[in-house]
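A look at the structure
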Amino acid sequence: MLPEWRLCFRGDVMSAAPALSTLADREPVIVDMVRTPVGRRNGALREWHSADLLAVVLDALVTRIGLPRAAVDDVVAGCATQVGMQAGNVARTALLTAGFPVTVPGTTVQRACGSSQQAVHFADNLIRSGTCDIVIAAGVELMSVTQGGNDDTKYGRRYPEDLVARYSMPSMGEAAERIAERWDLSRAYLDELSLRSHTLAAAAQDAGRFADYLLPVAAAEGSTLDRDEGVRRETSLEKLATLKTSFRPDGRVTAGNSSQVSDGAAGLLMMTAAKAREYGLRPRARLHSQLVVGVDPEVMLTGPIPATRAILERAGLALGDIDLFEINEAFASVLGAWLKELKPDLDRVNVNGGSIAMGHPLGSSGARLMTILISELERRGGRFGLQSMCCGGGLGTATLIERIG
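These remarks concern the structure in this document.

Reading the values: the criteria
Residues numbered from 1 in each chain as written. Predicted model: local features only at pLDDT ≥ 70, side-chain atom pairs only at ≥ 80, totals over all residues. Heavy atoms only, no water. Helix = DSSP H or I, 4+ residues; strand = E, 2+ residues; numbered from the N terminus. Rg over C-alpha atoms; globule rule 2.2 N^0.38 Å. Buried < 20%, exposed > 50% of the residue type's maximum accessible area, 1.4 Å probe, protein only. Contact = heavy atoms within 4.5 Å. Areas by Shrake-Rupley, 256 points an atom, 1.4 Å probe, with all protein chains shown as cover. Expected span 1.5 Å × (residues − 1). Salt bridge = Lys/Arg side-chain N within 4 Å of Asp/Glu carboxyl O. Axes fitted to C-alpha atoms, helices over the stretch in contact; angles between N-to-C directions. Left-handed = near helix turned anticlockwise from the far one by under 90°. Nonpolar A, V, L, I, M, F, W, Y, C, P; charged D, E, K, R; others polar. Disulfide = S-S within 2.5 Å. Parallel < 35°, antiparallel > 145°, perpendicular 65-115°, else oblique. Pairing = 2+ DSSP bridges.

**Some points on the overall build of the protein**
Across its full length, the protein carries 15 helices and 12 strands. Since a compact globule built from 405 residues should have a radius of gyration of about 22 Å, the 20 Å found for the protein is in line with a globular shape. Projecting the C-alpha coordinates of the protein onto the three principal axes gives extents of approximately 60 × 50 × 45 Å. The buried share of the protein, reckoned over its 405 residues, is 60%. Taking the intrachain contacts of the protein between residues at least 6 apart in sequence as the baseline, contacts between residues at least 24 apart amount to 82%. By element, 50% of the accessible surface of the protein is carried by carbon and sulfur atoms, the whole surface being about 15100 Å².

Right under this line is the structure:
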């Protein structure tokens, strides 16, 4: 059974969320956020062009609040696989598709799975430095088309031979197996984490917790997609146990306890507190702290463990001060190792499910997780949320979000 860890709760931390009136003029704030539903591989979103899907998000971020498109100083979008329709600076292509003036610039960021989380970091930095006043941070990935760029015969050898000789540079699936082995995470435990993800995601859908920022979009064959397509309500531990392992014949990682290959886009509108006051907008949250760490490429996906510890130290906070955690479920073993090392209150972790259930469109997942995190902080009246993701190549992103009350 899943462990039920408990920590002391400091109520004084929750009660002190900053108000807009107390923020300095140049403090970056998040004023709105939207995302598309996540589509399964070759599912409802398979006929979309990446720029068109991202354009839907960019358009919604300005039209929902009546912000003039020309007021946006820059668009920073994450995209992990920049080939084909996602090549050629898809951020710029999408903003032009969305009808933004040609004077609005855009740039595309690649930080593997953390690409759109990094886009949020860069947007915050652009505003905080005084370079920009209003920035859209977003992300997109159509894995139905690009397949995650994993076809080395098509795109060339990924790593130089001497690098492979030094670090082995395993596939992400093999890295997930190494983590399961090193942290002694059983196949049954990984399947339990998977079932938890699907169960919580289905409950969140039924409760309408994503409705305020979820954009229904046209789907294949003339239908409309209005919820994350990958959630499997009918799954069970018995069904998960029947699945074959994916990366080792005697392994523990299966398609059932891994994130899904998916399609989707998400974004956040960020600006100075002064601009929020000028436009009469209510800020939702701000970035309290941000960082990225590097980890051993031999296991590659352990980044959330040191990233969590480092950002808490930087912020001067303890684990018990954090009201909610979003730890990307690239694989159940990634989450399992993080849980085993940090020992958080499980009831505060991925409370609306995660990428195992919803899917993991690489370049957009960071922004999607942030929309879920901020919305849930608001629903619960919490103050601090911590988001962390593992990234291919051995990286870990972390963002500490503070709700603005």
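Moving on from the coordinates now.
**Let's talk about helix H15 (residues 365–380)**
For H15, with 16 residues, the first-to-last C-alpha span of 22 Å sits near the 22 Å given by 1.5 Å per residue. Extensive coverage of H15 is indicated by the burial of 13 of its 16 residues. Positive phi appears at Gly-381, one or two residues downstream of H15, with a value of about 75°.

**With respect to the pattern of salt bridges**
In total, this model carries 25 salt bridges according to the counting rule given. The partner of Arg-187 in a salt bridge is Asp-191, with the nearest N and O atoms 3.0 Å apart. Separated by four residues within a single helix, Arg-187 and Asp-191 lie in helix H9 (residues 187–207), roughly one turn from each other. Look at Asp-191 and you get buried, because its relative accessible area is 3%. For the salt bridge of Glu-376 with Arg-380, the shortest nitrogen-to-oxygen distance reads 2.7 Å. Of this pair, Glu-376 and Arg-380 both sit in helix H15, four residues apart, which is roughly one turn of the helix. Taken together, the shared-partner salt bridges in this structure form one network comprising Glu-27, Asp-124, Arg-128, Arg-286, Arg-383 and Glu-402.

**Looking at helix H12 (residues 304–315)**
End to end, H12 covers 16 Å across 12 residues, agreeing with the expected 16 Å (1.5 Å per residue, within 8%). Buried within H12 are the following residues: Pro-304, Ile-305, Ala-307, Thr-308, Ile-311, Leu-312 and Ala-315. Where H12 is buried, its residues meet strand S9 (285–294), strand S10 (324–327), helix H13 (332–342), strand S11 (384–391) and strand S12 (395–403). Gly-316 sits one or two positions beyond H12 and adopts a positive phi of about 70°.

**Here we look at unusual backbone geometry**
The phi torsion at Met-300 lies on the positive side, around 65°, for a residue other than glycine. The backbone of Lys-343 shows a phi angle near 55°, a positive value even though the residue is not glycine.

**A look at the environment of Val-76**
Tracing the sequence through the fold places Val-76 in strand S3 (residues 74–78). Sequence separation between Val-76 and Gln-118 is 42 residues, and the spatial gap between their C-alpha atoms is 9.2 Å. Residue contacts for Val-76: discarding those within four places in its chain leaves Thr-107, Val-109, Ala-119, Phe-122, Leu-126, Val-135, Ile-136, Ala-137 and Ala-138.

**Section: the packing of helix H8 (residues 172–182) against H13**
One can describe the packing of H8 onto H13 by two numbers: an axis separation of 8 Å at closest approach and a directional angle of 35°. Crossing of H8 against H13: the hand is left-handed. In contact with Ala-176, Ile-179 and Ala-180 of H8, H13 contributes Ser-333, Val-334 and Ala-337. Along the lines of polarity and charge, the residues of the contact of H8 with H13 split into five nonpolar, one polar and no charged.

**Details of the side chain of Ser-194**
Relative to the helices and strands, Ser-194 is located in helix H9. Ser-194 sits in the buried class, given a relative accessible area of 0%.

**Some remarks on the state of the cysteines**
Counting across every chain of the model gives zero disulfides. Unpaired in terms of disulfides, Cys-390 finds its nearest cysteine sulfur in Cys-113, a separation of 5.8 Å.

**Digging into the packing of helix H4 (residues 115–128) against H15**
Remark: H4 packs on H15, axes separated minimally by 5 Å, with the N-to-C direction vectors making an angle of 70°. When the axis of H4 is compared with that of H15, the two are roughly perpendicular. Counting all contacts with H4, which are made through Ser-116, Gln-117 and Val-120, the residues of H15 involved are Ser-365, Gly-366, Ala-367 and Met-370. When its residues are assigned to classes, the contact of H4 with H15 shows three nonpolar, four polar and no charged.

**So, the pairing of S3**
Looking along a regular strand, one sees the side chains alternate between the two faces of the sheet. Burial within S3 is extensive, with five of its five residues counted as buried. Alternating positions in S3 separate into two faces, Asp-74, Val-76 and Gly-78 on one and Val-75 and Ala-77 on the other, with burial throughout. Direction of pairing for S3 relative to strand S5 (residues 134–142): parallel, over a ladder of five bridges. Its bridge partner lying in S5, Val-76 is registered against Ala-137. Where S3 meets strand S4 (residues 106–109), four bridges bridge the pair, whose relative direction is parallel. For Val-75, the partnering residue across the bridge sits in S4 and is Gly-106.

**A look at the environment of Leu-61**
Mapped onto the secondary structure, Leu-61 falls in helix H2 (residues 50–63). The class for Leu-61 is buried, based on a relative accessible area of 0%. Between the alpha carbons of Leu-61 and Ala-266 there is a distance of 9.9 Å; along the sequence they are 205 residues apart. With residues near it in sequence (within four places) discarded, Leu-61 still touches Asp-32, Met-33, Val-34, Ile-136, Gly-267, Leu-268 and Leu-269.

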